[in-house]
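A closer look at the structure
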Amino acid sequence: MSNPRSTDTRDQVTGAASARRPERLPASALALMFTDRSARGIADRLGDLIHSGELAQGLPLPTVRALAAALHVGPTTIASAWAQLRSRGLIHCDRRHGSFVRGPGRLAGRRFASLPPPPPVRLDLTTAFPDPALLPDLTGPMAAAVAGTQWRTYPDDTVDARLAAVLRATWPFEAEDVTVTTGAQDAVHRVADVVLHPHDRVLVEEAAATSLLDIVEDHRAQAVPVRCDDEGPLPDAMEAALATRPALLLLQTRMASPYGHALSRRRARALAPVLADRDIVILEQDTAHELAPTAGVSLGEFLPERTLLVRSWNKSHGPHLRVGALAGIRRVVSRVRARQKATGGWPSVLNQRALAQMLTDARARETVGRARVVYHQRRQQMVRALRDAGLAPTGVAGLSVWVPVRDAATAIRRLAADGIGIAPGAPFTVHGDGRSHVRIATTLGHDEHARIARVLAEAHHG
């Protein structure tokens, strides 16, 4: 069976299909469809036409120069619009055949799909899957959940009362409302469904999880990157990004993928006044919080009326325990819950009660505590090897390491030839400008740190 990440994201309108390709759309006809002639306006309008089906998949688009002349703008304006549409996965461009409509069907999850499938290697460090040996036993908690649940009847609410009590006792701020979802990404997707409109701006870290960038693009919104350091987003960069009037801020507060930063209390205090008077929803992800060696800090402590926090436990307690928690702003959470009730889209009460028991069980907490130490040691071992080789990995904690290198493609090929797989950086950045970075998962135990560091250093200094 093929891996789901092996989906080919390249344009498929080639070969025999080229014989049926429609004629190129005249620049003069397309120009009549635009009122805003800025690069952003052109990209947004063309995006609308593609999503509505008015411009069909495979349709050849005018050349940059032809459309620029028809709109009486410079070629760089059209080139910028084309670049935005390419970043959203809506058009494909090549030097030989020109530009073509890809169509909205190509958009969903394209960044995650663009990550290469696990290569036939002896050590796969492309994805930060949890180490099975470091997960607590689910057997006892699940059996207790079954024994103590009226599982033959439908639940009264999306959130089991036992789990709700545990969550509220450990939440970093007073949340107005709470619901549960089938994992963290489901929670983010549901909030985006409620909050975002097409072409809204969404602030994200300059290097962010592919799943978050996919959610932004799947909602036809535009990701606006914010520069970060080890303590999180920089206040000056945040203030500049807020000038785009975003609807949503997506922030990974700890164990941030791929950068590895952790929001400090000092940084949160500096960001709070920058965000205080803005009409923006803050959505924080703290998804590996049980494994984090750093203290938890939330902007909800300073801006509870603007903040939502998402937590999940699949990394720390098991990938089949698909429970996420979303708590914060009532006007958003209540709409999410209403949609869940309409569709039945929330996790089983059995999973919820099993999780509640594991979060309070001494043995499970001891196992997770040991995993926290081991994961941090494994990451630090990789970081030390990279620094000894003259490289500069970023961040302070996480389940992977983000490494700047001059020639990422060469490094990836050399390590693959040696039986080691690592991930390219491009899918983790808004404009695909992470080609000078790689991400190395650090959840597995191995003794290849020096070898990996040496190959990356050769590619960087080469």
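As a reminder, the structure under discussion sits directly above these lines.
Below is a summary of the structure that appears in this document. What you see is a predicted model; the values in this text were computed from it and never measured.

Each value, and the rule that gives it
- Residue positions are given per chain, counting from 1 as you read along its sequence in written order.
- Where local features are concerned, this predicted model is filtered to residues with pLDDT of at least 70; where side-chain atom pairs are given and counted, the filter is 80 or more; whole-chain, interface and lining totals use all residues.
- Computation of side-chain values: all heavy atoms of the structure, hydrogens and water removed.
- The rule for a salt bridge is simple: a side-chain nitrogen of Lys or Arg has to be within 4 Å of a carboxyl oxygen of Asp or Glu.
- Secondary structure elements are taken from DSSP: a helix is a run of H or I of four residues or more, a strand is a run of E of two residues or more, and numbering for both begins at the N terminus.
- Exposure classes here rest on a 1.4 Å probe applied to the protein chains alone. A residue is buried below 20% of its type maximum, exposed above 50%, and partly exposed in between.
- By convention a nonpolar core is built from buried Ala, Val, Leu, Ile, Met, Phe, Trp, Tyr and Cys residues, the set being connected through side-chain atoms within 4.5 Å.
- Pairs of residues are marked as contacts when any of their non-hydrogen atoms sit within 4.5 Å.
- Helix span, as expected, comes to 1.5 Å for every residue beyond the first.

Quick notes on the pattern of salt bridges
Across all of its chains, the model carries 16 salt bridges by this definition. Close ionic contact of aspartate 229 with arginine 267 constitutes a salt bridge, the shortest N to O distance being 2.8 Å. Taken together, the positions of aspartate 229 in strand S7 (residues 228-229) and arginine 267 in helix H11 (residues 265-276) put the pair 38 residues apart, joining distant regions of the chain. What makes arginine 267 buried here is its relative accessible area of 9%. Two residues, arginine 451 and aspartate 418, come together in a salt bridge whose shortest N-O distance is 3.0 Å. Linking arginine 451 in helix H17 (residues 449-461) with aspartate 418 in the loop between helix H16 (408-417) and strand S14 (420-421), this pair joins segments that are 33 residues apart in sequence. Classification of aspartate 418 by relative accessible area gives partly exposed; the value is 27%. Linked by salt bridges that have partners in common, Arg122, Asp418, Glu448 and Arg451 make up one network.

Quick notes on helix H9 (residues 210-218)
Within H9, seven of the nine residues are buried, which leaves the element mostly enclosed by the surrounding structure. For H9, the complete set of buried residues consists of Thr210, Leu212, Leu213, Asp214, Ile215, Val216 and Glu217. Phi for arginine 220, located one or two positions after H9, is positive at around 60 degrees.

Section: the nonpolar core
Counting residues in each nonpolar core, the largest one holds 36 residues, and the members touching the most others are Leu125, Leu386, Val403, Ile440, Ile452 and Leu456. If you list the elements that add at least two residues to this core, you get helix H15 (362-388), strand S13 (400-404), H16, strand S16 (437-441) and H17. It is H15 that contributes the most residues to this core, eight residues altogether. Those residues in contact with leucine 456 that sit more than four places away from it in its chain are Leu386, Leu391, Val403, Val405, Ala411, Leu415, Ile422, Val438 and Ile440. Among the nonpolar cores identified, the runner-up in size contains 31 residues, and Ala209, Val216, Leu250 and Ile329 belong to it.

Here's the deal with H17
For H17, with 13 residues, the first-to-last C-alpha span of 18 Å sits near the 18 Å given by 1.5 Å per residue. Along H17, the positions that sit buried rather than exposed are His449, Ile452, Ala453, Val455, Leu456, Ala457 and Ala459. Contacts made by the buried residues of H17 are with H15, S13, H16, S14 and S16.

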